[in-house]
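# Observations on the model geometry
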Amino acid sequence: MINERMAELGKERSVIREIFEYGNKLKSEIGEDKVFDFSLGNPSIKPPQEVQKTLENLIKTESPIALHGYTSAQGAASVRMAVADSINNRFAVGITPDDIYMTCGAAASLTISLSALCNDGDEVIILAPYFPEYKVFIKNARAIPVEVKVSSNDFQIDADALERAITEKTKAIIINSPNNPSGAVLNENSIKTICKILLNAQNKYNNPIYIIADEPYRELVYGAKVPYIMNHYDNTLVCYSYSKSLSLPGERIGYIAVSPKSADKNSVYAAVCGAGRSQGFVCAPSLFQKLVERCTDAVADIEEYKKNRDLIYNALCEYGYEPIKPDGAFYLFVKSPEKDAKSFCDKAKKYGILIVPSDSFGVEGYFRLSYCVDYGKIERSLPLFKKLIEESKQYE
Ligand code: PLP
């Protein structure tokens, strides 16, 4: 008998992937130029030049063993030192290399952190709208996802809703800011409110409650300030990834940083190492560990995302759509002009526009559009977005 739980997860459809596959089929039928695929969050800008140069240099100068051999399970000491230095230089949190665990991107950082913290039946709070994979990761750790909606006015924290959701079984909350799918950045006020509520709950239940800060979009901001959670709350694990900041999603490289001020920090870090080991996530890709050691503070040129954001946001507003103005990431979250977002997204397919209804992100009545695509493609899609909303209005 196979593991039915895993088989179910394998069969469960991902709406985003389905739309993406549909787009590939459509491209082969009607031509690539007639399909406007806004479904996936695959970075469209080049990695920074520094990354390109460092990679070439590493290949020319380092021995094959150094480049491709195993490192320590938790990552090479020199790499963890460089990551810790970079964090301390920017946020002054006194982190050490022994608080860092190198991983295969944010997805691995999350599965490892959740398995490290959760026991069977623990509850993990996720803020809707959320990245749909959170539910899979939480269930894999044998914990229970508990959904809390953010305020629909400004996508900041709804303090009452969060307070109501916490129980004696609450083990952690995942915070994702800048957010996929809304592009919202949780401001300092929201972060302070969350921390205060969690501190009260920790005292009430006499149990640590952790913040898991999922931060693949930290560097992708258009002027907003993203508070560093460790500076506000001790029981914090930061799940970072270079997928988006360096435009390297296929290389699978990131890290977990355990706050040095976490209660029983050594046990938490040991549990992270144990979870990484038990999931087979030891020794993140060596070549890219070496690369990030030399490029810890590099960031891809996000000016192109900003140009895309301004173009699509302004145009959609002009046509009568109601998008949330994103402060970060590369997603636009838009109120569906029809009550049923799914039916609206189906209608969009007729125009070759592929967008994702919000139901799988835990809220109804919106669609998500990834604007990490070519600027020209966005320009050519605009008349179609205009026709689409005009068609929708006819049926009102
Ligand atoms: N968390 C969020 C919010 C994401 O949007 C993604 C990927 O799109 C991930 C985690 C996973 O990132 P990675 O590719 O680094 O595993």
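Refer to the structure above for everything that follows.
The following refers to the structure shown. (Residues numbered from 1 in each chain as written. Predicted model: local features only at pLDDT ≥ 70, side-chain atom pairs only at ≥ 80, totals over all residues. Heavy atoms only, no water.)

### A closer look at the overall build of the protein chain
Along the protein chain, the regular secondary structure elements total 14 helices and 13 strands. A principal-axis box enclosing the C-alpha atoms of the protein chain has dimensions of 60 × 60 × 50 Å. Looking at the 396 residues of the protein chain, the share that counts as buried comes to 56%. Sequence separation of 24 or more characterises 74% of the internal contacts of the protein chain that already satisfy a separation of 6 or more. Counting every atom, the protein chain has about 17500 Å² of accessible surface; 49% of that belongs to carbon and sulfur. (Helix = DSSP H or I, 4+ residues; strand = E, 2+ residues; numbered from the N terminus. Buried < 20%, exposed > 50% of the residue type's maximum accessible area, 1.4 Å probe, protein only. Contact = heavy atoms within 4.5 Å. Areas by Shrake-Rupley, 256 points an atom, 1.4 Å probe, with all protein chains shown as cover.)

### Regarding the sheet that holds strand β13 (residues 366-370)
Backbone-to-backbone hydrogen bonds pair the strands of a sheet. The strands run either parallel or antiparallel. The strand order across the open sheet built from four strands is β9-β10-β13-β12, with neighbouring strands paired in antiparallel fashion. If you trace the sheet from one side to the other, it starts and ends with β9 (322-324) and β12 (356-357), each paired once. When β12 meets β13, the two strands line up antiparallel, connected through two bridges. For V356, the partnering residue across the bridge sits in β13 and is R368. (Pairing = 2+ DSSP bridges.)

### Things to note about the site of the ligand
Around the ligand, the surrounding shell holds 14 residues, and the nearest of these are D214, Y217, S241, S243 and R252. In this structure, Y217 approaches the ligand through a side-chain N or O atom, which is 2.7 Å from an oxygen atom. One of the side-chain nitrogen or oxygen atoms of R252 is found 2.7 Å away from an oxygen atom of the ligand. Contact with the protein chains covers 91% of the free accessible surface of the ligand, which is 390 Å². Structurally, the ligand is housed in the largest pocket. At three residues, the largest contribution of residues to the shell around the ligand is made by helix α6 (residues 105-117). Grouping the constituent residues of the shell around the ligand by class yields six nonpolar, five polar and three charged. (Near = heavy atom within 4 Å. Polar contact = N/O pair within 3.5 Å; in protein donor to acceptor, adjacent residues only side chain to side chain. 1 Å grid on protein atoms, 1.4 Å probe; cavity = no way out; pocket = protein on both sides within 12 Å on 5 of 7 lines; lining within 4 Å. Sits in = over half its atoms within 2 Å of the grid points. Nonpolar A, V, L, I, M, F, W, Y, C, P; charged D, E, K, R; others polar.)

### Section: helix α14 (residues 375-394)
Under the 1.5 Å per step criterion, the end-to-end length of α14 is 30 Å for 20 residues, consistent within 8% with the ideal 28 Å. Largest kink in α14: about 35°, centred on L382, with the proline P383 one to four residues after it. Those residues of α14 that sit buried are K377, I378, S381, L382, L384, F385, L388, I389, E391 and S392. Looking at the buried positions of α14, the neighbouring elements they touch are β1 (36-37), α12 (303-319), α13 (341-349), β11 (353-354) and β13. (Expected span 1.5 Å × (residues − 1). Bend = angle between axes of the 7 residues up to and from the residue.)

### Let's talk about the environment of L199
Along the chain, the position of L199 falls in helix α9 (residues 188-205). Separated by 134 residues in the primary sequence, L199 and F333 place their C-alpha atoms 31 Å from one another.

### Thoughts on the pairing of strand β8 (residues 254-258)
Of all the five residues making up β8, five are buried; the element is thus mostly covered by neighbouring parts of the structure. Across four bridges, strand β2 (residues 100-103) lies against β8 in antiparallel orientation. Bridging across to β8, I100 finds its partner in A257. Inspection of the sheet shows strand β7 (residues 236-241) paired to β8 by five bridges, in the antiparallel sense. Bridge pairing in β8 links Y240 to Y255.

### Notes on the pairing of strand β6 (residues 210-214)
In terms of burial, β6 is largely enclosed, as five of its five residues are buried. Here β6 shows two buried faces, one formed by Y210, I212 and D214 and the other by I211 and A213. Relative to β6, strand β5 (residues 170-175) runs parallel, the two sharing four bridges. Bridge pairing links A172 to Y210 in β6. Considered for its hand, the β-α-β crossover made up of β5, α9 and β6 is right-handed. Where β6 lies against β7, four bridges are found, and the strand directions are parallel. Residue pairing in the sheet places A213 in a bridge with V238 of β7. (Right-handed = clockwise from strand over helix to strand, strands pointing away.)

### A word on the sheet that holds β2
Taken in spatial order, the seven strands of this open sheet run β2-β8-β7-β6-β5-β3-β4, and their pairing is mixed. Each edge of the sheet is formed by a strand with only one pairing partner; in this case those strands are β2 and β4 (144-149). Within the sheet, the average angular offset between the axes of one strand and its neighbour, ignoring direction, is 20°. (Axes fitted to C-alpha atoms, helices over the stretch in contact; angles between N-to-C directions.)

### Things to note about empty space enclosed by the protein
Under the defined criterion, the tally for this structure stands at three cavities of 30 Å³ or more. Computed from the structure, the largest cavity encloses a volume of approximately 140 Å³. Along the wall of the largest cavity there are 15 residues; nearest its centre are L127, P129, V150, N176 and N179. A breakdown of the residues in the lining of the largest cavity according to their chemical character gives eleven nonpolar, four polar and no charged. Empty space within the second largest cavity amounts to approximately 50 Å³. Considering the residues around the second largest cavity, the lining is formed by I175, S177, L186, I191, A213, D214, E215, R218, V226, P227 and I229. Here the residues of the lining of the second largest cavity are counted per class, giving seven nonpolar, one polar and three charged. (Points joined across faces, edges and corners; volume = space filled by probe spheres on them.)

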